[in-house]
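Given next are the chains, with one letter for each unit.
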Amino acid sequence: MAKKKKALTLGVVLRRVILWGFAAWCLFPIYWLINMSLKQPVDAVARPPTFIFMPTLQNYIEVLQDPRVLGYMMNSLIIALSATFFGLLIGAPAAYVLARHRFRGDSKIAFWILATRFTPPIAMLIPFFVIFYNLGLLGTHAGLIIAHIGINLAMIVWILRGFFQDLPRDLEEAAFIDGAGRFTSFRKVILPLALPGIAAVGILTFLSSWNEFLFSMVLGGNDVMTVPVGIYAYIGFEQIEWGKLSAAATLMLAPVLIFILLFQRQLVRGLTLGAVK
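Residues numbered from 1 in each chain as written. Predicted model: local features only at pLDDT ≥ 70, side-chain atom pairs only at ≥ 80, totals over all residues. Heavy atoms only, no water.

Undergrad: Describe the overall build of the protein, listing the residues and the values that go with them.
TA: The helix and strand tally for the protein stands at 14 helices and 0 strands. Seen in sequence order, the protein has helices and strands lined up from the N terminus as α-α-α-α-α-α-α-α-α-α-α-α-α-α. Considering the protein as a whole, with its 277 residues, one finds that 37% of them fall into the buried category. Taking the intrachain contacts of the protein between residues at least 6 apart in sequence as the baseline, contacts between residues at least 24 apart amount to 73%. A total accessible area of about 17,000 Å² is found for the protein, and carbon and sulfur atoms account for 71% of it. (Helix = DSSP H or I, 4+ residues; strand = E, 2+ residues; numbered from the N terminus. Buried < 20%, exposed > 50% of the residue type's maximum accessible area, 1.4 Å probe, protein only. Contact = heavy atoms within 4.5 Å. Areas by Shrake-Rupley, 256 points an atom, 1.4 Å probe, with all protein chains shown as cover.)

Below you can see the structure in the form of structure tokens.
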């Protein structure tokens, strides 16, 4: 049976126009970034901006030939993957306890965890700096990994708590009847069912760590410089190398766009469940 076409009423047309306008507004900065990365230096600083020009890949070639950029990429990859892994390792059990167990002050603890997201990052940066300075963690991979875990842990716990609350308790009770303990039921029953949520939170955590700038700039150093901090070197005292800066930023966006395109369904589901629970 052929599907009936939806009538194009004024409301439908208006909604489509609003959605397409919002999409264009969101995608325009990405278009402008790619556009700028393909320009010659004279076109990049032209006023008014030029939309018709001879594109060039020279900016990408020079950025990829810069040995520092590969180091920035590796540092970002190590820190983002480690922060994601250990964040999930800590956050998943914590979220499970808050979702399944009732104890005095459990709702307050959940709110306090969420409240850490209300704090401006600059307010947490000074304590992090003092503690890391005394422990000798400034300018190390371990220091930045710990800082990124601290930044993202509240998001991990809060979203996964919604996923665990959505799973029926009968599954755990059946596992208890079969002789499984709480840890065994969590590992063999709950975690496999919560994999979509864990994947969604892992992607969000990775992207947050990959894009983080402030903590990486202050707590890092030359040996652990990440991509967001490294490409800042193209902003000099005398000039801004717009072409190279845009090319490096476009390369930095590649993992972000790949993750969003491949796992957009899991991301939407994770954000939805995490928000409503």
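Undergrad: Go over the packing of aromatic side chains with me, naming the residues and quoting the values.
TA: Scanning the entire structure with this criterion turns up 9 aromatic pairs. Judged by centre distance (5.5 Å) and plane angle (75 degrees), the ring pair of Phe 128 and Phe 132 falls under edge-to-face. Within this pair, Phe 128 and its partner Phe 132 are both found in helix α6 (residues 121-135), separated by 4 residues, close to a single helical turn. Phe 132 gets classed as buried once you look at its relative accessible area, which sits at 4%. Between Phe 213 and Tyr 232, the ring centres sit 6.0 Å apart and the planes meet at 55 degrees, which makes this aromatic pair tilted. (Phe/Tyr/Trp six-rings, centres within 6.5 Å; stacked < 30°, edge-to-face > 60°.)

Undergrad: I'd like a description of the packing of helix α4 (residues 67-100) against helix α10 (residues 195-211), backed by residues and values.
TA: Taken N-terminus to C-terminus, the directions of α4 and α10 make an angle of 140 degrees; their axes are 9 Å apart at the nearest point. On the basis of their axis angle, the class for α4 and α10 is oblique. The two elements α4 and α10 cross, and the hand of that crossing is right-handed. Residues Met 73, Ser 76, Leu 77, Ile 79, Ala 80, Leu 81, Ala 83, Thr 84 and Leu 88 of α4 pack against Ile 198, Val 201, Gly 202, Thr 205, Phe 206, Ser 209 and Trp 210 of α10. Here the contact of α4 with α10 is composed, by residue class, of 11 nonpolar, 5 polar and no charged. (Axes fitted to C-alpha atoms, helices over the stretch in contact; angles between N-to-C directions. Parallel < 35°, antiparallel > 145°, perpendicular 65-115°, else oblique. Left-handed = near helix turned anticlockwise from the far one by under 90°. Nonpolar A, V, L, I, M, F, W, Y, C, P; charged D, E, K, R; others polar.)

Undergrad: Describe the packing of α4 against helix α7 (residues 141-166), listing the residues and the values that go with them.
TA: Two numbers describe how α4 lies on α7: the axes approach to 6 Å, and their chain directions differ by 40 degrees. You can see that α4 and α7 cross each other, and the crossing is right-handed. Residue classes in the contact of α4 with α7 are distributed as 20 nonpolar, 7 polar and 2 charged.

Undergrad: Account for a nonpolar patch on the surface, with residues named and values stated.
TA: There is a patch of nonpolar side chains on the surface, built from Val 45, Tyr 232, Ile 235, Ile 240 and Trp 242 and spanning about 440 Å² of accessible area. As for its placement among the helices and strands, Tyr 232 is situated in the loop between α12 (227-230) and α13 (242-262). (Patch = residues over 30% accessible without salt bridge, like charges linked within 9 Å, V, L, I, M, F, W, Y side chains within 5 Å. Salt bridge = Lys/Arg side-chain N within 4 Å of Asp/Glu carboxyl O.)

Undergrad: So what's going on with the side chain of Ser 37? Residues and values would help.
TA: When you line up the elements, Ser 37 lands in helix α1 (residues 10-37). Judged by its relative accessible area of 0%, Ser 37 is buried. Reaching out from Ser 37, the side chain makes a polar contact with the backbone oxygen of Ile 34 at a distance of 2.7 Å. Beyond its immediate sequence surroundings of up to four residues, Ser 37 is in contact with Thr 56, Asn 59, Tyr 60, Gly 243, Ser 246, Ala 247 and Thr 250. (Polar contact = N/O pair within 3.5 Å; in protein donor to acceptor, adjacent residues only side chain to side chain.)

Undergrad: Please give an account of the environment of Ala 99 that cites residues and values.
TA: Mapped onto the elements, Ala 99 comes out in helix α4. Distance from Ala 99 to Asp 166, taken between C-alpha atoms, is 9.1 Å for residues 67 residues apart in sequence. Excluding residues within four positions of it along the chain, Ala 99 makes contact with Arg 161, Phe 164, Gln 165 and Arg 169.

Undergrad: Provide a residue-level description of the pattern of salt bridges, including the pertinent values.
TA: As enumerated under the stated definition, the model contains 3 salt bridges in all. One salt bridge in this structure joins Arg 68 and Asp 66, with 2.8 Å as the shortest N-O distance. Overall, the relative accessible area of 15% leaves Asp 66 in the buried class. Notably, a salt bridge pairs Glu 241 with Lys 244, separated by 3.3 Å at the nearest N-O pair. Taking relative accessible area as the criterion, Glu 241 reaches 29% and is therefore assigned partly exposed. Within this structure, Glu 62, Glu 241 and Lys 244 form a network of salt bridges that share partners.

Undergrad: Tell me about the environment of Ile 126, and please be specific about residues and values.
TA: With respect to the helices and strands, Ile 126 occurs in helix α6. Distance in space between the C-alpha atoms of Ile 126 and Val 218 is 9.5 Å, their sequence separation being 92 residues.

Structural measurements only, silent on function.
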